Each structure stands twice: as structure tokens, then as C-alpha cells.
Amino acid sequence: SISGYHMQEAGANQALELAFTLADGKEYVKTAIAKGMDVDGFAGRLSFFWAIGMNFYLEVAKMRAARLLWCRIMKGFNAKNPKSLMLRTHCQTSGWSLTEQDPYNNVVRTTIEAMAAVFGGTQSLHTNSFDEAIALPTEFSSRIARNTQLIIQEETHITNVIDPWAGSYMMEKLTQDMLEAAWAIIEEVEAMGGMTKAVDSGWAKLKIEAAAAEKQARIDSGKDVIVGVNKYKLETEDTIEARDIDNVAVRDSQIARLNVIKQQRDAAQVQLALQAIEEAAASGTGNLLDLSIKAVRARATVGEISDAMEKSFGRHRADTQKVSGVYAAAYDTDATDGNTMDYWNALKAEIADFATEQGRRPRVMISKLGQDGHDRGAKVVATAFADLGFDVDMGPLFQTPEECARQAVENDVHAVGVSTLAAGHKTLVPAIIAELKKQGADDIIVFVGGVIPRQDYDMLYAAGVKGIYGPGTPIPVSAKDVLAQIRKALAA
């Protein structure tokens, strides 16, 4: 399964998601052939995974263009079996398009996205629950998400027709435009030496992050409307019942299960399996996937297998460079009224005044803690804060609170912003505050953004958090508040 879903969720537009995903697929095929495999021996088992967002027509066009392009790519590998030329796909409605504000609107958004996937010809579909911008889904919201599919499948007759948009001038034109835009990107990737090189250089990541920053600026400036967020807002929001997970209990339960497994397994067999992985990694020979499967069957843990490889390979450290100027440029261009631009310019002036007064610009560190790989919000916030005049440091993915605090102290930041989308805020945020205090840096303020149920706000404020900015908060608004909190901390 070759995934593009995470790319669109990270900010890629439809053409980028399409191009990068097919370029990934092309890289996999090239690698398998280079290992001596026959293309028709495996190509029919490849499948794809797309995100489906709120641009209805472009999502249908994307999937139609994907089939044409994949057929072209596979013919380039001299595939003979018709099944090798087919693009089979799973789709999932967008999680990023879900809003915390007026969340029942998300039922409509998911339905529209699901219909785009079906019109585009998906073989498989995942519909998100309406409350996923708030917390993990409840039984109630999950049932609505499941029934959205059943109603489309059983009541609408939409699934009775293959490619119902075929022959529409508009859709055929959009499909051709999408195909050409994606193919141009694929050729650019090929000129770099393939998708592995494009990823390794950081080019692919920056293209996605630039698209994400531009989109967020259009929303924050009011150019792109999000109903209930930047237009048609409710005066008061109803409380939504959110699922509450006891993180500590889950962690303790997992540790207990691991301990039982370690007591019951054959320790000698595990060590032999891990040693085989270590030797293969060191020598560059052998099949690490095969050896890893054998280790898992011996009940080795993912951590133990990773550690065995790390001795030779080291640990990946993501490049944390950020795009600059993209948010500001889109904001300047797309602001829908003078008040929005006045707010932006006044805030920039306020930040410049701070730099004059303090002898340096306000410095923030944007961090991701724990096993939370969703970094679109973190990257966009970092870009926007930098464009406003903050000095911004980016922490790598999967930092521990200890590592985050150490980096914050070493970089002498005024504030740490924690972006959280994986329900770890109840344990990780108090932990970073405690760690800063332990390292003698409790003057560094902590603010939090992301998917945080409102019933958890008081707990976080009590732990020492100075600002909480949920989904839909305009970045300039959060930046102004962070600056005020930094001034307050310095005055104290």
C-alpha cells in the first residue's frame, strides 16, 4: 500500500499528493526489479491510499488522473499483465478538514469527501468521525461515520455507475490538467534521481510545507472560508461529549503486557534473532525484513529490533529547516479586509518594538513530544511566527520532555510551544513544565496547540500552561497572546 494520505494531511495540494505518491510507487517498482523480481510477479499486488479533502471536483479528477498516470508508468517498466497496469486504491476522508468549532458540520464535510472518493472510483473507503478534531471518536460518532458509507452504498445508487463523470467537459479538462501538473512534478523528481533523493534532500518536505503555510494564510486572512471557523461562527459553542482516555493507565497496561511477554518467551531464541539482525545491518548482507519477521515471531519487541539496527545505522534525525516568507506573502495577498492587514502589521511592529527593548527578538521553540507524527500545525505555526518576526527553533519529531527542555534551555528561548494531536497532552505537557523547572528554567513559558478537549483546559492551566490554542485559532491571534505572555514573564 503506497500512501499519499499523510502528504495531503501535511499540506500537499492534490497535484503534489498525486505526483509524490506515484513517484514513491515508481521507486518501489524500480527497487524490486533491481533485486531481480519480475514486474508482473508483484505489480498486481500494489495498491494506493489517498486523502480526500473538501475540493470536491479536484479530488475526483485526482483519482481519474492517477489511474492514467500509473498505467503510463507501468508501461514504462514493460509490464504485460493488465493487472499490473491497474491502480487499486483505498481512500480516507480528511482529518485536517475537520473543525473543533461547530463540529456537527463535520458530518457534512465527511459525507461530501466520501462521495468524491466514490465518484473517483475508490475500491475501499474510511470515513472519519465528526469529533476527531476534539478527541478520539466515541461509539456515537463512529456509528455515524460508518453509516455515512452504508447510506451512500445502499440508498443513493451512486455505486451503480462506474466513472459517472466520464465525458463531462469540465471533469475531463480537470483530469487532464491534474495529469499534466503531476507529471511535471514526477519528471522533476526523476531529474533529481528519484523520490528517495527528493525526500533525502528535503525538497519534497519543503514543497509540502510551503503549500500548507499558503493554505493556512488564506484561511487566517479570510480568503478561504471554513464555515463555523472564520465565517458564520456561533456566539456560544455547545459542549460535545468527548471520549476520555486515561493515558497513564494505558501506558501501565502496555508495560505490564510487555513484561508478561518477556517472561514467557524463549530469551535465548530472541537474542539469536536480534544478533542476526545486528550482524546483517553491520555487514550489509541478508534480508532485514525477513530477519525482523523471524524476531517478531520469537516475540522480540519493535524497540529491541530497532535497537539492533541502530547499532550500525544510527538514528534518523529529521531536517528541521522551515520555509520562510510563504505565510506572509499569502497573508499579504489574500487578506480580505483592511482590518486583518492592520492587525498583522500592528503585530509585526509590536514584535519589532520588543526586539528594540530587549536587545533581541522574542524566541520560541515549537516542539512535538512523544509518538505524535502529525507536524503540519507545528510547521505552519513555526513559519508564520518567523514571518511575523519571532526567532523560531524547531524540535525534531518524537522528542522526550527531557530532550525538549534541554534544547529550550540551550537555545535560550522565551517560550516553548507544544503541538499535540495524539492525546498525549495530559501527561507530556505537565512533564515538559516539570522538566523545565528541574533544569532551572521555569521562566520559560509553555503554550499548547492542537487537538485538546475543552474539558482538559483547566487541568493544563493548573499545570502551568500559559496559553491554549485549539484548531481554528488564527495564528496571528495566538502569536499576539504568546508575545503578551512573554512580556508578562519577563516583567515578573
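Residues numbered from 1 in each chain as written. Predicted model: local features only at pLDDT ≥ 70, side-chain atom pairs only at ≥ 80, totals over all residues. Heavy atoms only, no water.

(A) Main features of helix α19 (residues 425–438). Helix length check: α19, at 14 residues, gives a terminal C-alpha distance of 19 Å against a target of 20 Å (1.5 Å per residue), a fit within 8%. Within the sequence span of α19, burial applies to His-425, Val-429, Ile-432, Ile-433, Glu-435 and Leu-436. Seen from one end, α19 has its buried residues packed into an arc of 165°, which puts them on one side. Exposed side chains of α19 directed beyond 90 degrees from the buried face belong to Lys-437 and Lys-438. Among the structural elements, α18 (401–410), β7 (415–420), β8 (445–450) and α20 (457–463) are those in contact with the buried residues of α19. Backbone geometry just after α19 places Gly-440 at a positive phi near 75°. (Helix = DSSP H or I, 4+ residues; strand = E, 2+ residues; numbered from the N terminus. Expected span 1.5 Å × (residues − 1). Buried < 20%, exposed > 50% of the residue type's maximum accessible area, 1.4 Å probe, protein only. Arc of directions from axis to C-beta. Contact = heavy atoms within 4.5 Å.)

(B) Main features of the side chain of Gln-485. Tracing the chain through its elements places Gln-485 in helix α21 (residues 475–491). Sequence-distant contacts of Gln-485, that is, excluding residues within four places in its chain, are made with Ile-445 and Lys-466.

(C) Fine view of the environment of Lys-231. One can find Lys-231 in the loop between α10 (203–220) and α11 (247–264). For the pair Lys-231 and Ser-141, spaced 90 residues apart in sequence, the C-alpha to C-alpha distance is 25 Å. Discounting residues that sit within four places of it in the chain, Lys-231 has contacts with Val-225 and Ile-226.

(D) Spotlight on helix α17 (residues 376–388). For α17, spanning 13 residues, the distance from its first C-alpha to its last is 18 Å, which sits close to the expected 18 Å at 1.5 Å a residue. Most of α17 is tucked away: 10 of the 13 residues are buried. If you check which residues of α17 are buried, you get Arg-376, Ala-378, Lys-379, Val-380, Ala-382, Thr-383, Ala-384, Phe-385, Asp-387 and Leu-388. Immediately downstream of α17, the backbone of Gly-389 shows phi near 120°, a positive value.

(E) View of empty space enclosed by the protein. All chains considered together, the criterion is met by 1 cavity of 30 Å³ or more. In this structure, the largest cavity encloses a volume near 40 Å³. Taken together, Val-107, Thr-110, Asn-128, Ser-129, Phe-130, Ser-141, Ile-144, Ala-145 and Thr-148 make up the lining of the largest cavity. Looking at the lining of the largest cavity element by element, the count peaks at 4 residues for helix α7 (residues 139–154). Each residue belonging to the lining of the largest cavity can be placed in one class, and the counts come to 4 nonpolar, 5 polar and no charged. (1 Å grid on protein atoms, 1.4 Å probe; cavity = no way out; pocket = protein on both sides within 12 Å on 5 of 7 lines; lining within 4 Å. Points joined across faces, edges and corners; volume = space filled by probe spheres on them. Nonpolar A, V, L, I, M, F, W, Y, C, P; charged D, E, K, R; others polar.)

(F) Spatial organisation of the packing of helix α2 (residues 14–34) against helix α4 (residues 56–76). As a packed pair, α2 and α4 sit with axes 10 Å apart at the nearest point and diverge in direction by 25°. With respect to each other, α2 and α4 are oriented roughly parallel. Seen along the crossing, α2 lies across α4 with a hand that is right-handed. Residues Gln-14, Glu-17, Leu-18, Leu-22, Gly-25, Lys-26 and Val-29 of α2 form the contact with α4, whose own contacting residues are Leu-58, Glu-59, Lys-62, Ala-65, Ala-66, Leu-69, Trp-70, Ile-73 and Met-74. Its residues assigned to classes, the contact of α2 with α4 comprises 10 nonpolar, 2 polar and 4 charged. (Axes fitted to C-alpha atoms, helices over the stretch in contact; angles between N-to-C directions. Parallel < 35°, antiparallel > 145°, perpendicular 65-115°, else oblique. Left-handed = near helix turned anticlockwise from the far one by under 90°.)

(G) Just the pairing of strand β5 (residues 363–367), in detail. Of all 5 residues in β5, 4 are buried; the element is thus mostly enclosed. Bridge count between β5 and strand β6 (residues 391–394): 4 bridges; the pairing is parallel. Within the sheet, the bridge partner assigned to Met-365 lies in β6 and is Asp-393. For the crossover from β5 across α17 to β6, the handedness is right-handed. Direction of pairing for β5 relative to β7: parallel, over a ladder of 4 bridges. Following the sheet pairing, Ser-367 is matched in β7 by Val-418. (Pairing = 2+ DSSP bridges. Right-handed = clockwise from strand over helix to strand, strands pointing away.)

(H) How the structure looks around the layout of surface pockets. Its volume calculated, the second largest pocket comes out at about 620 Å³. Secondary structure elements with two or more residues in the lining of the second largest pocket: α11, β7 and α19. With 5 residues, the top contributor of residues to the lining of the second largest pocket is α11. Looking at the lining of the second largest pocket residue by residue, the class counts come to 10 nonpolar, 11 polar and 2 charged.

(I) Here's a closer look at the sheet that holds strand β9 (residues 467–469). Spatial ordering of the open sheet is given by β6-β5-β7-β8-β9, a layout of 5 strands whose pairing is parallel. Unpaired on one side and paired on the other, β6 and β9 mark the two borders of the sheet. Pairs of neighbouring strands in the sheet enclose a mean axial angle of 20°, with direction left out of account. Direction of pairing for β8 relative to β9: parallel, over a ladder of 3 bridges. In the sheet register, Val-448 faces β9, and the bridge partner there is Ile-468. Against the sheet, α17 engages β5, β6, β7 and β8, with an angle of about 160° to β6. Across the sheet, α21 lies against β5, β7, β8 and β9, angled at about 165° from β8, the strand it touches most.

(J) Main features of the sheet that holds strand β4 (residues 124–126). The strand order across the open sheet built from 4 strands is β1-β2-β3-β4, with neighbouring strands paired in parallel fashion. Either end of the sheet is taken by a strand with one partner, and the two such strands are β1 (2–3) and β4. As paired elements, strand β3 (residues 89–93) and β4 share 3 bridges and run parallel to each other. Across the sheet, Cys-91 pairs through a bridge with Leu-125, a residue of β4. The strands touched by α2 are β1 and β2 (48–52); relative to β2, the strand with the most contacts, the crossing angle is about 170°. Contacting β2, β3 and β4, helix α6 (residues 105–119) runs over the sheet at an angle of about 165° to β3.

(K) Structural context of the nonpolar core. Membership of the largest hydrophobic core comes to 57 residues, with the highest contact counts inside it found for Leu-18, Phe-20, Leu-22, Trp-50, Trp-70 and Met-74. Mapped onto this core, the elements with two or more residues apiece are α2, α3 (39–42), β2, α4, α6, α8 (169–192), α9 (195–200) and α10. The element contributing the most residues to this core is α4, with 10 residues. Residues Phe-354, Ile-366, Leu-388 and Ile-445 belong to the second largest nonpolar core, which totals 31 residues. (Core = buried A, V, L, I, M, F, W, Y, C linked by side-chain atoms within 4.5 Å.)

Function cannot be read off these values alone, since they describe shape.
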